[in-house]
Amino acid sequence: MRIAVTGATGVLGQEAVAALVAEGHEVTGVTRRERGIPVIEGRGASAVVADVFDASELERVFAGHDVVINTLAHVPIGMAAMRPLAWREDDRLHLEASVAIAAAAAAAGVERLVQESTVYLYPDNGSEWIGEDEPLSVRNQAFRPRVREMRAAVDFASAGRTAVILRLGQLFGRDPQTTHALKATREGQAILLGKPENYVTLLHHRDAGRAFVAALQAGSGFYNVGGEPITRRRWAKDLGAEAGAKGPAKFFPDLTQAIVGTRLDVQRRSLRVSSLRFMSETGWRPTIGPSSPGWSRM
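Residues numbered from 1 in each chain as written. Predicted model: local features only at pLDDT ≥ 70, side-chain atom pairs only at ≥ 80, totals over all residues. Heavy atoms only, no water.

Going by what an unreviewed UniProt entry lists, the chain is known as NAD-dependent epimerase/dehydratase family protein and is assigned to Brachybacterium hainanense.

Listed below in structure tokens is the structure:
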């Protein structure tokens, strides 16, 4: 198949491109800047520079493609996410670019759209399992971009087209967030939010790339994608071990956690998310877990 990937120079995009190329697909990686071209070509795909906010320009790029995969995101690193303007770029990507991408894909005659999303849209559910039918917790204005993005994907699915929305677990591996967490852990700094008994659903970036390939076989709908959920206490131990620290990663004090704001507050939620639907429909399985030795270098 001919597949266009937006956000192709990001962590998710690069892994998606590499996984798709490995499966024999003809891949076009879309980048907003010239410096992204060698990154995409290094993964075995063709590169195109385009404005992801311009639906007309994207329509020309998407022409002749069977599938568009949107992996665009720009998440602030660490506690920088508490700054008022830190999320401006990420918000604009989801609120404007994702809408333009879905519209352009439809206008270009693309039959399938695969849209990246996140499990952090779910409410805290304690130790109870979370499936795709669990109502989302998105009433706060901060979630407006993600909601608009989902609606654009749903709109694309009209007229017989297919839209697959992947609610991905918390990425770990060689991504900037995890690199920051490992460095902080080695230095003995607090890095984790939430309670030790709360659950987190992790997803290695390489398995995320494979998930985009598996999504080519899925029917329209929402799918959770993650590994086996573990407690944050266990994640703290795994981070410590991978970082080569003297002990587990540290949690922020309660007082600090009380003032992190809406954006980071979602990371305090207990999310024991089930990916059974996606695994059953596509055959995808996670292959790298937080206890896998050397996972930060894979």
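That shown, we press on.
A. Geometry of the pattern of salt bridges. What the rule picks out here adds up to 15 salt bridges. Put simply, aspartate 133 and arginine 277 hold a salt bridge, and the shortest N to O gap is 3.6 Å. In this pair, aspartate 133 is assigned in the loop between β6 (129-130) and α5 (144-156) and arginine 277 in helix α11 (residues 276-282), connecting sequence segments 144 residues apart. Judged by relative accessible area, aspartate 133 falls into the exposed class, the value being 67%. The partly exposed category is assigned to arginine 277, whose relative accessible area is 36%. Salt bridges linked by common partners bring Glu15, Arg43 and Arg174 together as one network. (Salt bridge = Lys/Arg side-chain N within 4 Å of Asp/Glu carboxyl O. Helix = DSSP H or I, 4+ residues; strand = E, 2+ residues; numbered from the N terminus. Buried < 20%, exposed > 50% of the residue type's maximum accessible area, 1.4 Å probe, protein only.)

B. Representation of the environment of valine 27 in the model. Structurally, the position occupied by valine 27 is in strand β2 (residues 26-31). Assessed through its relative accessible area of 4%, valine 27 is described here as buried. When the C-alpha positions of valine 27 and methionine 1 are compared, they lie 8.2 Å apart, and in sequence the two are 26 residues distant. In contact with valine 27, not counting residues within four places along its chain, are Ile3, Val5, Val17, Leu20, Val21, Ala45 and Ser46. (Contact = heavy atoms within 4.5 Å.)

C. View of the nonpolar core. Leu166 and Phe278 are the most contacted members of the largest nonpolar core, which totals 31 residues. Residue assignment for this core shows that the elements contributing at least two residues are β1 (2-6), α1 (11-22), β4 (67-70), β7 (162-168), α7 (205-214), β12 (221-225) and α11. Dropping the residues within four chain positions of it, phenylalanine 278 is found in contact with Leu166, Ala211, Ala214, Ala215, Tyr223, Asn224, Val225, Gly283 and Trp284. Formed by 27 residues, the second largest nonpolar core is a distinct cluster that contains Tyr120, Leu121, Ile230 and Ile288. (Core = buried A, V, L, I, M, F, W, Y, C linked by side-chain atoms within 4.5 Å.)

D. Seen up close, the environment of valine 225. On the secondary structure map, valine 225 appears in strand β12. Classification of valine 225 by relative accessible area gives buried; the value is 1%. Linking valine 225 and alanine 163, residues 62 residues apart in sequence, is a C-alpha distance of 16 Å. Contact partners of valine 225, with chain neighbours within four places excluded, come to Leu166, Arg167, Leu168, Gly169, Leu203, Ala211, Ser275, Phe278 and Trp284.

E. Molecular detail of the side chain of asparagine 224. Topologically, asparagine 224 is positioned in strand β12. When near neighbours in sequence (up to four residues on either side) are disregarded, asparagine 224 contacts Tyr122, Ile130, Gly131, Glu132, Arg167, Val273, Ser274, Ser275 and Phe278.

F. Region of the structure containing the UniProt feature "domain: NAD-dependent epimerase/dehydratase" (unreviewed entry) in the chain. Under the present numbering, the feature "domain: NAD-dependent epimerase/dehydratase" (unreviewed entry) in UniProt falls on residues 3-226. Between the end C-alpha atoms of residues 3-226 the distance is 23 Å, and the span holds 36% helix and 22% strand. (UniProt positions renumbered as here; feature names shortened; annotations may be inferred.)

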